[in-house]
There are 2 protein chains.
Amino acid sequence: MSALSSQPYKGTRDYYPEDKRIQNYIFATWRNVSERFGYEEYGAPILEPLDIYAAKSGQELANEQTYTFTDRGGRTVAIRPEMTPSVSRMVAAKRQTLAYPARLYSITNFMRYERPQRGREREFWQLNTDIFGVDDVAAEAEIITMADAIMKAFGAHTEDYVIKINNRKLINFMMAQYLGLDAVQAQLMVKLFDRKDKIAEDAFRDQAREILADRADEGLPKIAALLDASSMADLPAEIRNSSVVVEVQELFTLLERAGVKSAIFDITLMRGLDYYTGTVFEVFDTHPDNTRSLFGGGRYDGLVGLFGAEPISAVGMAPGSTTLENFLDVHDLVPKLKSTTEIYIVVLGDVMRAATKLARDLRNEGVNTELDITDRKLDKQIKTAIKKNIPYILFVGQDEVKSELYTLKDTTSTDEQKLSFARIVGFIKDKRRTDIDDDLA
Amino acid sequence: MSALSSQPYKGTRDYYPEDKRIQNYIFATWRNVSERFGYEEYGAPILEPLDIYAAKSGQELANEQTYTFTDRGGRTVAIRPEMTPSVSRMVAAKRQTLAYPARLYSITNFMRYERPQRGREREFWQLNTDIFGVDDVAAEAEIITMADAIMKAFGAHTEDYVIKINNRKLINFMMAQYLGLDAVQAQLMVKLFDRKDKIAEDAFRDQAREILADRADEGLPKIAALLDASSMADLPAEIRNSSVVVEVQELFTLLERAGVKSAIFDITLMRGLDYYTGTVFEVFDTHPDNTRSLFGGGRYDGLVGLFGAEPISAVGMAPGSTTLENFLDVHDLVPKLKSTTEIYIVVLGDVMRAATKLARDLRNEGVNTELDITDRKLDKQIKTAIKKNIPYILFVGQDEVKSELYTLKDTTSTDEQKLSFARIVGFIKDKRRTDIDDDLA
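Everything numeric in this text was worked out from a predicted model, so none of it was measured.

A. Region of interest: the overall build of chain A. Within chain A, the regular secondary structure consists of 16 helices and 16 strands. Overall, the C-alpha framework of chain A stretches about 95 × 55 × 50 Å when taken along its three principal axes. For chain A, with 441 residues in total, the buried portion stands at 44%. Long-range pairs, those at least 24 residues apart, make up 67% of the contacts in chain A between residues at least 6 apart in sequence.

Have a look at this one:
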């Protein structure tokens, strides 16, 4: 038999401990911010009936990007490409018994059939935070404040990113009332606006003209007026006076009070998924090497109702780890991370029995301890500890066993000290407590 | 359009916050023990080429239980039904650069197409711990000691479970030399032994007779002698004197030194998967309501070599959360778990702006704070906090804003106190530190 490939499936990644540490740092930061805002973790299955995406996620996602197959019982299922339909389904199933507002978060994986490229993988990981049961724009303010808090928690500065905000109702008003488009034209125009930053100005105008058809002469200047507006105050009066603007202004007032400094209004922000019904937002990296959208979210009041329950209002967002890793890279924000193992016991000579007992005692005190059980030469044992990025080596030989004093060596410096068992435990716990205090600060 | 079903896909579960808390408790305990033994976390993709299971996992798993489909590029892929082939693939891919012994763990989900029943779900969660690069039985001793430490970490007593240990080489010796079976007969006999506890004694003997065929007269008494043996010393001399027994005895010596009291030798323990090459073990619940196997593991030295790398020895195990939850249930070991949210701010009257600021300040100090932004009546707000199992309510009204003293109420008792902002932060952090110390202890 020929050898099997050792490579992971196309578009997916293996996470070795050094990669997993970074992912765990991202997950822990997401978790930390979500829980600080009072969100509680939930989980949903990796497989769902395809129907739940077909209904509202948009054709491209449901038909072209989903990993879909028929199970042995003849059901058409999909590996989840996103979380919003799943969490909406879960809320619908317990509509009557949940406590509202329900604040929920999850951190898990998804799959989409896409061409792998920078910032995009077929298997990817997202935080999803959603608040259910609040009609008021206070819900949007909270979710966007969390988006801002997440960026800050990763060490980003206000100028490193921008949160662009728009509103689907305003978009609908703009398409139907302001530009006078029918439903088909409106949909095409939304998609065109969505691609605006990816195509040349000329191409944008030509395609806009084509969509506008016989309304082009009057429509093109109107679109130009929109694109010229850099704030809500600059918008054409027809739009500025629409009732939705009051809601948008209220949101900006709340965000200002919450100390969010990176939020701007952007009438051209559309956001791809079909289920949004109000506020939409996207966080963009401002670094020239990495201008793509980092993540986004918005209000989707219609989704829970699809599952046979009374409708319930909802606002959510979904930061992903792939784009975030790029962001941390270009802004030099990836922290230096050590192993979760705290002590590596190097065994010198025929003292394995005593070393095993010492490892056991350290573990019983809660110290993360790896024991070298290989009987290899000293230098090989030390090399393993250093390669694994373990902060401390503990040497155990005949003398140490007799004296009950062990040499603890810092692997990142020349520091070493002879300590009793109790002192070793105390030293490591103090070290850990300092780290926890740093986290809490 | 008719409503979509709000139920999860067959054999899978939705984890609402109260369910997720228990799952997170299990995951945290697994993580804790794994890291205490110096294992580092890794991650592998949810999809793998079907080939990697077809090679060595056994026919039933690869052909009948795997969620398999053809992707849009014509590749035959599977949602992983287990982790061992994936982690072996990963080790093979970095064979030359990993630090040995490599100690790796992961906590993630799997899918198998099975009839859902007690202790068995189609989507399930496992810890996988594996050690690579140690030929010696010290590796088995470490993994089984961890199995024991996991049971203890969940509060189990020595008598609540038993760790049955056998060795594939001994099984092979028993089938070929002792019973004189050919390869086909041996495989059938292994499967029969595997089902021994699930079928009647008569049925077992009848089926054994059929497999033995013309060797039945001499074979049946030999099998009876095996089944009568309750320890290694009781085994028929032919087996007791085989060289593999030395290895098994060495393992028991190491386990005794490590303080593992629940381990017993069981010549009838087979373990289903095809890739095991030496020691196999399984942990069984001893409670009469829940006698099934909780989890198991063993040595599988041949798997890494399948991926074109030089072979490397490996020992691992895979506790699952479904069987463990049943175990915790029947032994009354499920802890009472609170929300991750520490404070629920109840807002009285027109002070939302001040309450928002207070929530922000608490979050900046690292306190997990949920703010009621609904403007509902007092009793409805309180009810939400209690329903969510949040330990403290903080009342904020006109008086509190003016005096800067806030009432903090324990939701599980009648205790309440008026505290300044700094005192609230101090109180919650002390509370948390006490909980962390309890964990470290």
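And the narrative resumes.
B. Just the sheet that holds strand β2 (residues 47–49) of chain A, in detail. Residue and element names in this part refer to chain A. Taken together, 3 strands build an open sheet; the order of strands is β2-β4-β3 and the sheet is antiparallel. Each edge of the open sheet carries a strand with a single partner, namely β2 and β3 (67–70). Across the sheet, the mean angle from the axis of one strand to that of its neighbour is 35°, orientation sign disregarded. Pairing between β3 and strand β4 (residues 76–79): 4 bridges, direction antiparallel. Paired with Thr70 across the two strands is Thr76, which belongs to β4.

C. Main features of helix α5 (residues 138–153) of chain A. Compared with an ideal rise of 1.5 Å per residue, which puts 16 residues at 22 Å, α5 of chain A spans 22 Å between its outermost C-alpha atoms and is within 8% of the ideal. Two residues or fewer past α5 of chain A, Gly155 of chain A is found with a positive phi of approximately 90°.

D. Quick peek at the relation of the copies chain A and chain B. Screw-axis analysis of chain A against chain B gives a translation of 0.0 Å along the axis, an RMSD of 0.0 Å, and a rotation angle of 180°. In symmetry terms, the pair is related by a two-fold rotation axis. When C-alpha positions in chain A are compared against the rotation axis, the closest is assigned to Phe69 of chain A, at 3.2 Å. A shared binding surface is used by both copies, with 100% of the interface residues of chain A retained as interface residues in chain B.

E. Representation of the interface of chain A and chain B. Taken together, the contact pairs 76 residues of chain A with 76 residues of chain B. Among the elements that make up the side of chain A that touches chain B, the one with the highest residue count is helix α1 (residues 17–36) of chain A (6 residues). For the side of chain A that touches chain B, the residue count by class is 35 nonpolar, 19 polar and 22 charged.

F. Structural context of the sheet that holds strand β5 (residues 102–111) of chain A. All names here are of chain A. As summarised here, the arrangement of the 8 strands in space is β1-β5-β6-β11-β10-β9-β7-β8, forming an open sheet in which the pairing is mixed. Looking along the sheet, the strands with just one partner apiece sit at the ends: β1 (40–41) and β8 (263–265). Here 7 bridges tie strand β7 (residues 161–167) to strand β9 (residues 279–285), and the two strands are oriented antiparallel to one another. Counterpart to Asn166 in the pairing with β9 is Val280.

G. Here's a closer look at helix α8 (residues 201–212) of chain A. Residues and elements named next belong to chain A. For α8, which comprises 12 residues, the first-to-last C-alpha distance of 16 Å matches the rise-based estimate of 16 Å (1.5 Å per residue) to within 8%. Buried residues of α8: Ala208, Ile211 and Leu212, and no others. Down the axis of α8, the buried side of the element spans an arc of 95°, and every buried residue falls inside it. Seen from the buried face of α8, the exposed residues on the opposite side, beyond 90 degrees, are Asp202, Asp206 and Glu210. Tucked inside the fold, the buried residues of α8 contact α7 (183–194) and α9 (216–228). With its phi angle positive at about 50°, Ala213 sits one or two positions after the end of α8.

H. Spotlight on unusual backbone geometry. Residues and elements named next belong to chain A. Put simply, Tyr100 and Pro101 share a cis peptide bond, and its omega is -5°. Mapped onto the elements, Pro101 comes out in the loop between α4 (84–93) and β5. Positioned with a positive phi, Glu404 is a non-glycine residue whose angle comes to about 55°. Counting through the fold element by element, Glu404 comes out in the loop between α15 (398–403) and β15 (406–410).

I. Inspection of the packing of α5 of chain A against helix α11 (residues 244–257) of chain A at higher detail. Residue and element names in this part refer to chain A. Here α5 crosses α11 at 45°, and the two axes come no closer than 9 Å. Here α5 is positioned oblique relative to α11, judged by the angle of their axes. When the axes of α5 and α11 are compared, the crossing they make is right-handed. Residues Ala138, Glu140, Ala141, Ile144 and Thr145 of α5 form the contact with α11, whose own contacting residues are Leu251, Leu254 and Leu255. Grouping the amino acids of the contact of α5 with α11 by side-chain chemistry returns 6 nonpolar, 1 polar and 1 charged.

J. Layout of the pairing of strand β11 (residues 314–317) of chain B. All names here are of chain B. Because side chains alternate across β11, one face comprises the buried residues Ala314 and Gly316, and the other comprises Val315 and Met317, equally buried. Note: strand β6 (residues 123–132) against β11, 4 bridges, orientation antiparallel. When the sheet's bridge partners are listed, Phe132 is paired in β11 with Ala314. Two elements, strand β10 (residues 293–299) and β11, share 3 bridges in a ladder whose sense is antiparallel. Each bridged residue has a counterpart across the sheet, and for Arg299 the counterpart in β11 is Val315.

K. Spotlight on the pairing of strand β16 (residues 416–419) of chain A. All names here are of chain A. Here 4 bridges tie β15 to β16, and the two strands are oriented antiparallel to one another. For Leu408, the partnering residue across the bridge sits in β16 and is Gln417. The antiparallel pairing of β15 with β16 creates a hairpin that spans 5 residues between the two strands.

L. Spatial organisation of the packing of α8 of chain A against α9 of chain A. Residue and element names in this part refer to chain A. Where α8 contacts α9, the axes come no closer than 9 Å and their chain directions differ by 135°. On the basis of the axis angle, α8 is oblique to α9. Remark: the crossing between α8 and α9 carries right-handed chirality. Residue-level contacts link Arg205, Ala208, Arg209 and Leu212 of α8 to Ala216, Gly219, Leu220 and Ile223 of α9.

M. A look at the environment of Ala139 of chain B. Residues and elements named next belong to chain B. Note that Ala139 resides in helix α5 (residues 138–153). Separated by 191 residues in sequence, Ala139 and Val330 place their C-alpha atoms 32 Å apart. When near neighbours in sequence (up to four residues on either side) are disregarded, Ala139 contacts Ile131, Val134 and Val315.

N. Highlighting the environment of Leu98 of chain A. Residue position: Leu98 of chain A is located in the loop between α4 and β5. Sequence separation between Leu98 of chain A and Phe132 of chain A is 34 residues; the distance between their C-alpha atoms is 9.9 Å.

Conventions and cut-offs
- Throughout, a residue's number is its position along its own chain's written sequence, starting from 1.
- Ligands are numbered from 1 and chains lettered from A, in the order in which they are written.
- Restriction of local features to residues with pLDDT of at least 70 applies here, the model being predicted, together with a cutoff of 80 or more for giving and counting side-chain atom pairs; totals for whole chains, interfaces and linings are based on all residues.
- Under the scheme used here, helices are H or I runs from DSSP no shorter than 4 residues and strands are E runs no shorter than 2 residues, and both carry numbers assigned from the N terminus.
- Counting other C-beta atoms within 10 Å of a residue's C-beta gives its exposure: the residue is buried at 20 or more, exposed at 12 or fewer, and partly exposed in between, where C-beta atoms are placed from the backbone.
- A residue pair is marked as a contact if its C-beta atoms, positioned from the backbone, fall within 7 Å.
- A pair of strands is considered paired only if DSSP assigns at least 2 bridges between the two.
- Axes here mean lines fitted to C-alpha atoms, for a helix over just the part in contact, with angles spanning 0 to 180 degrees between N-to-C directions.
- A helix is expected to reach a length of 1.5 Å times the quantity of its residues less one.
- When the copies are superposed, the least-squares fit draws on C-alpha atoms of residues that have pLDDT of at least 70 in both.
- By the convention adopted, Pro, Cys, Tyr, Trp, Phe, Met, Ile, Leu, Val and Ala count as nonpolar, Lys, Arg, Asp and Glu as charged, and the other residues, Gly among them, as polar.
- Starting at the helix axis, one direction is taken to each C-beta atom, and the arc is that of these directions.
- Roughly parallel refers to an angle under 35 degrees, roughly antiparallel to one over 145, roughly perpendicular to one between 65 and 115, and oblique to any angle outside these ranges.
- Left-handed describes a crossing whose near helix is turned anticlockwise from the far helix through less than a right angle; right-handed describes the clockwise counterpart.

Bear in mind that shape data such as this cannot, by itself, settle questions of function.
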